[in-house]
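Structure at a glance
One letter stands for each residue in the lines below.
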Amino acid sequence: MALLDHAERAGKKILISGGGRCNFTNLHCRPENFLSSNPHFARSALARYTPSDFIALVEKHRIAYHEKTLGQLFCDGSAEQIVNMLLQECAAADVTLFLRTKVHEVRREHQADREHQADKAHRDGQKFTLLTDTAAFAASALIVATGGLSIPKMGATSFGYDIARQFGVPVHACRPALVPLVLGDEQSAIFCDLAGISAEVQTSIGKRSFREKLLITHRGLSGPAVLQISSYWDGVAPVIVDWAPGQEVLSALRSSPGRRDPATAKAALRARLSARLADRLLQVAMPEAWTNHALAMFEQRLHTWSFAPIGTEGYEKAEVTAGGVSTDALSAQTMECREVPGLYFIGEVVDVTGQLGGFNFQWAWASGAAAGRAA
């Protein structure tokens, strides 16, 4: 078996993940944590290679790890431990790694050629030929694990999608996911001078919501709560932010008519948010009166603050790519193309996108195990 990588080092994206400590899986991994045109596609592979399976591999290699939050598992040391573990497993399985090996062309023996060379095909089983700068590789099975378009400076390209299209495999439109959002001029003028300030919020689009940290940036919004909801943003719908999930911020004002004034409102907001952010929200949404109705409307706005992004930070800042090789063209059990026997697609190149927190790595491990067992 041969593993071809155009990079100069194996596992570059693994090495930068999780702040260098690699969020290698999530204890609570379920099909519901994934976005796909077919929400049930990932179920089979995830059930047959679970977080426990990968944890067992980590423990076999004596890699210390910890749960950070929400089921997210990280190395105590560095992400390099995971890369070294995978390289050791490759060596044990007699896999030869070829770095700095860029594939220029993929060929497949056509049916007519196979009939003409039936005896030869029966003998060697070769269906695919890959041409590189230095050599040609022939194999009966080709597994495409090229990733998506995110983080091009790490070497991301469209090559996996190009292979799919070459063989007539449909590819759903791709877009950046788990990506910071950019605000328009009006909302930027209100918030972006607060860059660096964060708050625990709940972000929502429709019925989808996430309760985590939001970070204000020089161009808009980021942080886990925003990265999560960005995968579900269609470019049109507003992103709703609850600045105080589960809390009634202005309860003291509503129960004490004699204390209804800007100073008391500011104190109430500052008890929940950083002073500068609290003051800014009050400045923007200050009630014109301090009636029960006005306070109720102000409270409601704090829990349903609407942002209208004008775009994202793009693939340069996106952690993953949404969309990709259509799951309709693949077997959910093996990742093999239904119409191109011997051709498999796994990981991020497939139209299966995980939420933030180790889910995308678990999909890589699970889909890779499914294809590897079948091939």
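Residues numbered from 1 in each chain as written. Predicted model: local features only at pLDDT ≥ 70, side-chain atom pairs only at ≥ 80, totals over all residues. Heavy atoms only, no water.

Observations regarding the pairing of strand S8 (residues 128-132)
To keep things clear, this is the line we draw: Classification of residues uses two cut-offs on accessible area relative to the type maximum, computed with a 1.4 Å probe and protein chains only: under 20% is buried, over 50% is exposed, and between them is partly exposed. For the purposes of this entry, the term helix denotes a DSSP run of H or I that reaches at least four residues, the term strand denotes a run of E that reaches at least two, and both are numbered from the N terminus. Two strands are counted as paired when DSSP detects at least two bridges linking them.
Residues Phe128, Leu130 and Thr132 point to one face of S8 and are all buried, whereas Thr129 and Leu131, pointing to the other face, are not buried. Note: strand S7 (residues 103-108) against S8, five bridges, orientation antiparallel. When the sheet's bridge partners are listed, valine 103 is paired in S8 with threonine 132. In sequence, S8 turns back onto strand S9 (residues 136-139) through a hairpin of three residues.

Considerations on the sheet that holds S9
Rule in force here: To define axes, lines are fitted to C-alpha atoms, for helices over the stretch in contact only, and angles between the resulting N-to-C directions are given on a 0 to 180 degree scale.
Reading across from one edge, S7-S8-S9 is the order of the three strands in this open sheet, with antiparallel pairing throughout. The sheet terminates laterally at S7 and S9, the two strands that pair on one side only. The mean angle between the axes of side-by-side strands here comes to 15 degrees, regardless of whether they run parallel or antiparallel.

A word on the sheet that holds strand S4 (residues 65-67)
The criterion, for reference: Whether two residues touch is decided by their heavy atoms; if any such pair falls within 4.5 Å, the residues are in contact.
Taken in spatial order, the three strands make up an open sheet running S2-S5-S4, and their pairing is antiparallel. In this open sheet, the two strands that pair with only one neighbour each are strand S2 (23-26) and S4. Direction aside, the axes of adjacent strands within the sheet are offset by 30 degrees on average. With three bridges joining them, S2 and strand S5 (residues 72-75) adopt antiparallel strand pairing. Within the sheet, the bridge partner assigned to threonine 25 lies in S5 and is leucine 73. The sheet strands contacting helix H3 (residues 51-60) are S2, S4 and S5, and the helix crosses S2 at an angle near 140 degrees.

Here's the deal with the packing of aromatic side chains
Filter applied, for reference: Centre distance within 6.5 Å is the pairing criterion for rings of Phe, Tyr and Trp, where only the six-membered ring of Trp is used; planes under 30 degrees apart are then read as stacked, over 60 as edge-to-face, and the remainder as tilted. In this analysis the charged atom, NZ for Lys or CZ for Arg, is taken to sit over a ring once it is within 6 Å of the ring centre and within 35 degrees of the ring normal.
Under the definition given, this model contains 13 aromatic pairs. Summarising the aromatic geometry, the rings of phenylalanine 210 and tyrosine 232 are spaced 6.0 Å apart at their centres and angled 35 degrees between planes, so their arrangement reads as tilted. Taken as a pair, phenylalanine 210 in strand S14 (residues 208-216) and tyrosine 232 in the loop between helix H9 (224-230) and strand S16 (239-242) lie far apart in primary sequence, 22 residues in all. The exposure class of phenylalanine 210 is buried, given its relative accessible area of 8%. Ring pairing ties together the aromatic residues Phe24, Phe54, Tyr65, Phe361 and Trp365, which thus form one cluster. Sitting above the plane of the phenylalanine 74 ring, lysine 68 keeps its charged end 5.2 Å from the centroid. Arginine 301 extends its terminal NZ or CZ atom over the ring of tryptophan 305, reaching a point 4.3 Å from the ring centre.

The analysis is restricted to geometry; functional conclusions fall outside its scope.
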